[in-house]
Amino acid sequence: MSSTTERIARRAARAGTGLVLGSFTAVLELAFLVLTAPALVAEPTRVRVLALARRLAEAERARIARFLGSENSGDYENDRAWRYLAVRCAVGWLGAGVFALVVFGGVSGAIMLGQLLSGEAVGGGEHASWYDPITVVLGGALLVFLAVQGLIGVATLDRAVARRFFGPSDKERLRRRVRELATTRADVVEAVNAERRRIERDLHDGVQQGLVALGMVLGRARRALDLSRDPALVEELVRQAHEQSQHALEELREVAWRVYPIALETGGLGVALESLAERSTVPTSLVYDLAERADAATETVAYFVVSEAVTNAVKHSRCDRIEIEVSRAGKMITVRISDDGVGGAILTGAGLSGLARRVAAADGTFGVDSPAGGPTVVRAELPCA
């Protein structure tokens, strides 16, 4: 109990100190506002005044954080700093008035208590009354209560004004959100175009080349059959054509899987990631800890994050093992892919930057930690309804 009392006393003393400082700074702020208000008309002087207003506002923000325990963002425009000082000045003078009343009440209470102890009439009367002690005690308790409530109210108002003006305004937040959406929309378009180019390359360099080779083998087999040459040669060419067709079919399936795995729609993210881990040429483990399925859009983004990260690890990291972890905390899904390779992956690479744009378009966060020598950790956090 004693430790709790001491902690409350320290907090009260710290808050009181902050309010006293706020009363003194209100005097400086009033002088600043009166002297600089005319300078706001002209643009050159306006810029300087607002810059100075921000410095004063930052001092107030530090005071409120240090003594009143309220942290606020420093992301606000300079003109909001001047308006904050105008409102905060009134709060500071209100606090100064409360302190003045506290001092006046304290002095008056000390005088009355001295009169009561000396047997004199409280308030300067000729004869002491039996109810003087009751009046002093009840009146003093009431004044103390009102003084404490007044200081608490000033502190609450000081915090509220700081929360109102520090940080971006609603209009600025909306403006930033519009810019962010415009950027992410452009990123989505670029990511889609990059995906189309990748699919085109896969079809041209993989499936198409395999089909061309298949056609050449079948052409040789047909010519050999027309010329009635060695049946063994015809049989060998047919065998090669069959193998080539199987290889082309596998490549076509691989391209189709990279475009959109059907398992993601039928079985969900867990089934799709299990299939991805099984198909990986590097031993890959999966820890999937989602009790319920997420929405389709989030599952799609999460899958392609894992797919691209695993593909990059297999191609470039020279790793011996890959680990995939998918978990959920509240409304956020966390996807983590790590490998024990050589490291050195950079976010500006074509594959990872495309993933970053895809995740940003879903209002998520994306990061890569890949020091030289490894390990590499790719992490994405996605909001989920």
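The structure we're discussing is the one just above.
The paragraphs below set out a description of the structure included in this document. The model shown is predicted, which means the values in this text are computed figures rather than measured ones.

**Some remarks on the overall build of the protein**
If you tally the helices and strands in the protein, you get 10 helices and 5 strands. The buried share of the protein, taken over its 385 residues, is 33%. Sequence-distant contacts, at least 24 apart, represent 68% of the contacts inside the protein between residues at least 6 apart. Surface accessibility of the protein: about 23000 Å² in total, with carbon and sulfur atoms responsible for 62%.

**Concerning the packing of aromatic side chains**
The full count for this structure, using the stated rule, is 4 aromatic pairs. By the ring-pair criterion, three or more aromatic residues cluster together here, those being Tyr76, Tyr84, Phe165 and Phe166. Its end group placed over the ring of Phe67, Arg66 keeps NZ or CZ at 5.2 Å from the ring centre. For the cation-ring pair, Arg164 lies above Phe165, with the distance from its terminal atom to the ring centre recorded as 5.4 Å.

**Observations concerning the nonpolar core**
Counting 34 residues, the largest nonpolar core has Val305, Ile337 and Phe366 as the members making the most contacts within it. Listing elements by their share of this core, those giving two or more residues are helix H7 (262-266), helix H8 (269-279), helix H9 (296-317), strand E2 (322-329), strand E3 (332-339), helix H10 (350-361) and strand E5 (376-383). The dominant element in this core, judged by the number of residues it contributes, is H9, at 9 residues. Ignoring sequence-local partners within four residues, the contact set of Ile337 consists of Val305, Val306, Ala309, Val310, Ile322, Glu323, Thr376, Val377 and Val378. Core analysis: the next-biggest nonpolar cluster, separate from the first, contains 26 residues, Leu40, Val49, Leu50 and Cys89 among them.

**What to know about the sheet that holds E3**
The strands making up a sheet are joined through hydrogen bonds of the backbone, oriented either antiparallel or parallel. The strand order across the open sheet formed by 5 strands is E1-E2-E3-E5-E4, and the pairing between neighbours is mixed. What marks the edges here is a single partner per strand, and that holds for strand E1 (284-289) and strand E4 (365-369). For this sheet the average axis-to-axis angle between neighbouring strands, irrespective of direction, equals 10°. Summarising the sheet, E4 and E5 pair through 5 bridges and their orientation is antiparallel. Residue pairing in the sheet places Phe366 in a bridge with Ala380 of E5. Of the strands in this sheet, E1 and E2 are in contact with H8, which crosses E1 at around 170°. Seen against the sheet, H9 touches E2, E3, E4 and E5 and runs at an angle of roughly 10° to E3.

**Section: the environment of Arg358**
Structurally, Arg358 can be placed in helix H10. With relative accessibility at 24%, the residue Arg358 sits in the partly exposed group. Between the C-alpha atoms of Arg358 and Ala302, which are 56 residues apart in sequence, the distance is 9.7 Å.

**So, empty space enclosed by the protein**
As enumerated under the stated definition, the model contains 1 cavity of 30 Å³ or more in all. Lining the largest cavity are Leu19, Gly22, Ser23, Arg63, Arg88, Val91, Gly92, Gly95, Val154 and Asp158. Elements with a contribution of two residues or more to the lining of the largest cavity: helix H1 (2-36), helix H3 (78-118) and helix H4 (132-165). The biggest single contributor to the lining of the largest cavity is H3, with 4 residues. The residue inventory of the lining of the largest cavity, partitioned by class, reads 3 nonpolar, 4 polar and 3 charged.

**Digging into the side chain of Arg80**
Mapping Arg80 onto the fold places it in helix H3. With no salt bridge to any partner, buried Arg80 finds its closest opposite charge in Asp79, at an N-O distance of 6.2 Å. Here the side chain of Arg80 touches Arg164 through a polar contact of 2.8 Å, landing on its backbone oxygen.

Cut-offs and rules
- Position numbers for residues count from 1 along each chain, tracking the sequence in the order it is written.
- In keeping with the model being predicted, local features are shown solely for residues with a pLDDT of at least 70 and side-chain atom pairs are shown and tallied solely at 80 or more, while totals for entire chains, interfaces and linings include all residues.
- For the side-chain quantities, the full set of heavy atoms in the structure was used; hydrogens and water were omitted.
- Numbering of helices and strands runs from the N terminus, with a helix taken as a DSSP run of H or I at least four residues long and a strand as a DSSP run of E at least two residues long.
- Any residue under 20% of the maximum accessible area for its type is buried, any over 50% is exposed, and the rest in between are partly exposed; the area is computed with a 1.4 Å probe on protein chains only.
- Working rule for contacts: check all heavy atoms of both residues, and any pair within 4.5 Å makes them a contact.
- All accessibility values rest on the Shrake-Rupley procedure with a 1.4 Å probe; residue burial counts only the protein chains present in the view.
- When two rings of Phe, Tyr or Trp (its six-membered ring) have centres within 6.5 Å they constitute a pair, described as stacked for plane angles under 30 degrees, edge-to-face for angles over 60, and tilted for the intermediate range.
- We count a charge as sitting over a ring when the NZ of a lysine or the CZ of an arginine lies within 6 Å of the ring centre and within 35 degrees of the ring normal.
- As used here, the term nonpolar core means buried Ala, Val, Leu, Ile, Met, Phe, Trp, Tyr and Cys residues forming a set that is joined through side-chain atoms within 4.5 Å.
- When DSSP finds two or more bridges between two strands, those strands count as paired.
- Lines fitted to C-alpha atoms define the axes here, with helix axes fitted over just the stretch in contact, and angles between the N-to-C directions of these axes take values from 0 to 180 degrees.
- We place a 1 Å grid over just the protein atoms. Points where a 1.4 Å probe fits but has no way out form a cavity, open points with protein on both sides within 12 Å along at least 5 of 7 lines form a pocket, and any residue with an atom within 4 Å of a point lines it.
- Grid points are joined across faces, edges and corners, and a volume is the space filled by probe spheres set on the points.
- In this count, Pro and Cys sit with the nonpolar residues alongside Ala, Val, Leu, Ile, Met, Phe, Trp and Tyr, while Asp, Glu, Lys and Arg are called charged and the others, Gly among them, polar.
- All tallies of charge rest on Lys and Arg as positive and Asp and Glu as negative; His and the ends of each chain are not included.
- Basic side-chain nitrogens of Lys or Arg form a salt bridge, by our definition, when they fall within 4 Å of a carboxyl oxygen of Asp or Glu.
- Polar contacts here mean pairs of N or O atoms no more than 3.5 Å apart (in protein, one a potential hydrogen donor and the other a potential acceptor; neighbouring residues in sequence count only if both atoms are side-chain atoms).

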